[in-house]
Amino acid sequence: MISIENLVKKYDGFELNISMEIPSGKVSGLVGKNGAGKSTTIKSILGLVKPNSGKVVLMGKDVADITARDKQKLGVALSESGFSGYLTVKDVTDIMKNMYEDFNADSFRKLCREFDLPMDKRIKDFSTGMKAKLRVLTALSHKARLLIMDEPTSGLDVEARNELLDMLRDYLVENEDCSILISSHISSDLEGLCDDIYLIHKGRIILHEDTDKILSNYGILKMDGETYEKMDRSHILEAKKENYGYRCLSDEKQYYVENYPGIVVENSGIDDLILMLTGGK
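Notes on the structure follow. (Residues numbered from 1 in each chain as written. Predicted model: local features only at pLDDT ≥ 70, side-chain atom pairs only at ≥ 80, totals over all residues. Heavy atoms only, no water.)

Taking strand neighbours across the sheet as the criterion, the six strands line up as β6-β7-β8-β3-β9-β10 in an open arrangement whose pairing is mixed. Each edge of the open sheet carries a strand with a single partner, namely β6 (74–77) and β10 (204–210). Strand-to-strand twist in this sheet, taken as the mean axis angle between neighbours without regard to direction, amounts to 15°. Contacting β3 (27–31), β9 (196–201) and β10, helix α10 (residues 270–279) crosses the sheet at an angle of about 30° to β9. (Pairing = 2+ DSSP bridges. Helix = DSSP H or I, 4+ residues; strand = E, 2+ residues; numbered from the N terminus. Axes fitted to C-alpha atoms, helices over the stretch in contact; angles between N-to-C directions. Contact = heavy atoms within 4.5 Å.)

The structure is reproduced here in structure tokens:
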């Protein structure tokens, strides 16, 4: 559904250089610190910024050849964009009805009511969370085959985030060949939704792994300095020196559970990957 080959985009002091593959029917998460290149990647995929070199293929076509007809099957929710603040949800409904053949106005209005979005209030008077809800609801309203979402749950409380994530899961059940690329700094959102994770740092993909493997095989190891120096470190991805000794990230935690009973082994998640792989020593 998305294929990125040696994409390079250069700015003063920053260079994006990545390759990615998101097949049909998969949900991929893009994580990393602020400024790592997540938004530049998404904007490049959408053709909003022109790369210096490389290739982006979207739904089987070079991104430069995507037509208005193709965009009917694309649902986008970007954290930095949205409808004019002087419009109302009622206005948005009319716009979407004219833009997308498969837009379901009745369903859209129903979801807006469920998420407490008033039909006649100007968007500029919405809270940050209400604007985020509207962006996601419009992306899901016209049977898109590919959803691209940049921080879609930003500004939402836990309950609203869970409701939106449930809506995405339901959408995937109803549209089995749909693919999603989603970036988020809230790792728990991605852990329960994504099939795989891309970790980007300083414009490079430094890890690509199945989410299930991250949650089942990866772990944080804690040990004193003497144990660290003597142990087999072949499955240590990164180590960070602490006051008590060392904190390490491993992709084979069970190996250390079985062979080093004296060390502390904890389950890890996406946050630990970001912390250790972008900040470990």
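Residues of helix α2 (residues 89–99) that are buried include every one of Val-89, Val-92, Thr-93 and Met-96, and no others. Angular distribution of buried residues about the axis of α2 spans 105°; they occupy a single face of the element. In this structure, the buried residues of α2 make contact with α3 (105–114) and α4 (128–139). (Buried < 20%, exposed > 50% of the residue type's maximum accessible area, 1.4 Å probe, protein only. Arc of directions from axis to C-beta.)

Contact geometry of α3 with α4 gives a least axis separation of 10 Å together with a crossing angle of 155°. Taken together, the axes of α3 and α4 are roughly antiparallel relative to one another. Read as a crossing pair, α3 and α4 show a hand that is right-handed. Packed against α3, whose contacting residues are Phe-108, Leu-111 and Cys-112, the element α4 presents Leu-134, Leu-137 and Thr-138 at the interface. For the contact of α3 with α4, the per-class residue count stands at five nonpolar, one polar and no charged. (Parallel < 35°, antiparallel > 145°, perpendicular 65-115°, else oblique. Left-handed = near helix turned anticlockwise from the far one by under 90°. Nonpolar A, V, L, I, M, F, W, Y, C, P; charged D, E, K, R; others polar.)

Let us look at the sheet that holds strand β1 (residues 2–11). Two strands in a sheet stick together by hydrogen bonds in their backbones, pointing the same way (parallel) or opposite ways (antiparallel). If you trace the four strands from one edge of the open sheet to the other, you get β2-β1-β4-β5, paired in antiparallel fashion. Single-partner strands in this sheet number two, and they are β2 (14–22) and β5 (61–62). Across the sheet, helix α1 (residues 38–45) is in contact with β1, β2 and β4 (53–58); its angle to β1 comes to roughly 120°.

Turning to unusual backbone geometry, a few remarks are in order. The bulk of non-glycine residues show a negative phi, and the bulk of peptide bonds are trans. For Asp-116, which is not a glycine, the phi torsion comes out positive at approximately 60°. Positionally, Asp-116 belongs in the loop between α3 and α4. The phi torsion at Lys-143 lies on the positive side, around 55°, for a residue other than glycine. Classification of Lys-143 as exposed rests on a relative accessible area of 52%.

Here is the key point about a regular strand: its side chains alternate between the two faces of the sheet. Across the five residues of strand β11 (residues 219–223), four count as buried, placing the element largely inside the fold. As paired elements, β11 and strand β13 (residues 245–250) share five bridges and run antiparallel to each other. The partner of Leu-221 across the bridge, within β13, is Cys-248. Bridge count between β11 and strand β14 (residues 264–267): four bridges; the pairing is antiparallel. Bridge assignment links Gly-219 to a residue of β14, and that residue is Asn-267.

A few words now on the environment of Lys-97. For Lys-97, the location among the structural elements is in helix α2. Using a relative accessible area of 45% as the deciding quantity, one classes Lys-97 as partly exposed. The spacing of Lys-97 and Ile-148 is 51 residues in sequence and 20 Å in space, taken between C-alpha atoms. Beyond its immediate stretch of four places on either side in the chain, Lys-97 contacts Phe-103 and Ala-105.

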